[in-house]
Amino acid sequence: MHFRHPLLFVFCAVSLVAGLQDGALAQGQGPEAMSSIGDKHSWAQFGLGSWKLVRVYTETLGQNGQVESASVTETKTTLDLVDETGYALKVEVTVEVAGKRFQAAPKHVAYGYHGELQGQAVEVKALGDGHAEICGHKYTTGSRRIVINSDTAQSISTVEYSDTVAPYFLKRTTESIDNVTKTRSYQSVVEVVAVDMPEKV
């Protein structure tokens, strides 16, 4: 991925590495214990200790286009817990600047399978059959409306979910409404653009 700014250039390298412990899922915490949504969630399909690494290279450019400074940020996310209600992750961030490495204290976060943080209220409503179009082909989905409430905002998502076509969550449109101003603070659309593209790891 590349992101451009008049004076900033970022290159993002993602290492999707799943370290399965003993080559198997932890007993009682695998897909068989998940709900219809959870059993297709990307983290829920791996064993405890599985991890991914994202490495972001950032270069700041001067007016003449020369590199003035550079840094590398590594974020390692490790699966700590999986159960029928959600999953927990340990997030470790390391920043390298001018040859020196700085490591922040690890953070532990817990999520439900709809994206809610631990303790947030979530409401799920089936909207009937839908579809997602990928490379000109329409895939049948089940449309669901997911509302997540927090103290400061309400997140409203419409999800096109397929239980047969990986990666299963084919499209998600989300908007966040500020509880005080009642205005939309952001909107995002995440969708699958290609399927059946195996990658040798």
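Keep in mind it's a predicted model, so treat the numbers as computed, not measured.

Explain the side chain of T174 here, please?
Position of T174 relative to the elements: it lies in strand 11 (residues 169-178). For T174, the side chain forms a polar contact with the side chain of S157, separated by 2.8 Å. Setting aside residues up to four positions removed in sequence, T174 forms contacts with S155, I156, S157, Y186, Q187 and S188.

In this structure, what is going on with the confidence of the model for the protein? I would like to understand it.
Any segment with low pLDDT has predicted coordinates that should not be analysed in fine detail. Per-residue confidence for the protein gives a mean pLDDT of 82, with 81% of residues at or over 70. The least confident element of the protein is strand 1 (residues 2-5), whose mean pLDDT is 42; the most confident is strand 5 (residues 86-97), at 94. Every residue in residues 1-9 is under pLDDT 50, and counting partners more than four places away or in other chains gives 23 contacts. Considering only residues more than four positions removed or in separate chains, one finds that residues 16-35, a stretch of pLDDT under 50, has 38 contacts.

Looking at this model, I keep getting lost on the sheet that holds strand 12 (residues 184-191). Mind explaining?
Strand pairing in a sheet is mediated by backbone hydrogen bonds. Such pairs are either parallel or antiparallel. Strand order in the open sheet formed by five strands is 8-9-10-11-12, and the pairing between neighbours is antiparallel. Each edge of the sheet is formed by a strand with only one pairing partner; in this case those strands are strand 8 (121-134) and strand 12. Neighbour to neighbour, the strand axes of the sheet diverge by 15° on average, direction disregarded. Pairing of strand 8 with strand 9 (residues 137-149), which is carried by 13 bridges, proceeds in the antiparallel orientation. Following the sheet pairing, E123 is matched in strand 9 by V147.

Can you walk me through the side chain of T94 in this structure?
With respect to the helices and strands, the residue T94 is situated in strand 5. Take T94: its relative accessible area is 9%, and that puts it in the buried class. Residues in contact with T94, not counting those within four places in the same chain, are V72, T73, E74, R101, F102 and Q103.

Just to check I follow, could you spell out the layout of surface pockets for this structure?
Any empty space left between the atoms is revealed when a probe the size of a water molecule rolls over them. If you add up the space inside the largest pocket, you get close to 1500 Å³. Taken together, 41 residues make up the lining of the largest pocket; nearest its centre are H41, S42, W43, P167 and F169. Of all the secondary structure elements, the ones that give two or more residues to the lining of the largest pocket are strand 3 (51-61), strand 5, strand 10 (153-161), strand 11 and strand 12. When residues of the lining of the largest pocket are assigned to their parent elements, the largest contribution, five residues, is made by strand 11. Residues that form the lining of the largest pocket fall into these classes: 25 nonpolar, 10 polar and six charged. Around the second largest pocket, the lining is made up of 14 residues, and of these T85, G86, A110, Y111 and Q118 lie nearest the centre. Listed by contribution, the elements that provide at least two residues to the lining of the second largest pocket are strand 5 and strand 7 (107-112). Residue composition of the lining of the second largest pocket, grouped by class: six nonpolar, six polar and two charged.

Calculation notes
Along each chain, the written sequence defines residue order, and numbers are assigned to residues from 1. Predicted model: local features are reported for residues with pLDDT of at least 70 only, side-chain atom pairs are reported and counted for 80 or more only, and whole-chain, interface and lining totals are derived from all residues. Side-chain figures throughout are based on the complete set of non-hydrogen atoms in the structure, without hydrogens or water. Only DSSP runs of H or I reaching four residues or more are called helices, and only runs of E reaching two or more are called strands; each is numbered from the N terminus. Under this definition, polar contacts are N or O atom pairs within 3.5 Å; protein pairs additionally need one hydrogen-donor-capable and one acceptor-capable atom, and for neighbouring residues in sequence, both atoms have to be side-chain atoms. Note on contacts: a residue pair is in contact if any heavy atoms of the two residues lie within 4.5 Å. Each residue carries a pLDDT value, the predictor's own confidence for that position, ranging from 0 to 100. We call two strands paired when DSSP finds no fewer than two bridges between them. Axis lines are fitted to C-alpha atoms, over the contacting stretch for helices. Their N-to-C directions set the angle, which ranges from 0 to 180 degrees. Between buried and exposed lies partly exposed: a residue is buried under 20% and exposed over 50% of the maximum accessible area for its type, with that area taken using a 1.4 Å probe on protein chains only. The definitions used throughout rest on a 1 Å grid laid over the protein atoms alone, on which a cavity is an enclosed set of points accommodating a 1.4 Å probe that cannot get out and a pocket is an open set flanked by protein within 12 Å on both sides along at least five of seven lines; lining residues are those having an atom within 4 Å of a point. Grid points are joined across faces, edges and corners, and a volume is the space filled by probe spheres set on the points. Residue polarity follows a fixed list, in which Ala, Val, Leu, Ile, Met, Phe, Trp, Tyr, Cys and Pro are nonpolar, Asp, Glu, Lys and Arg are charged, and the others, Gly among them, are polar.

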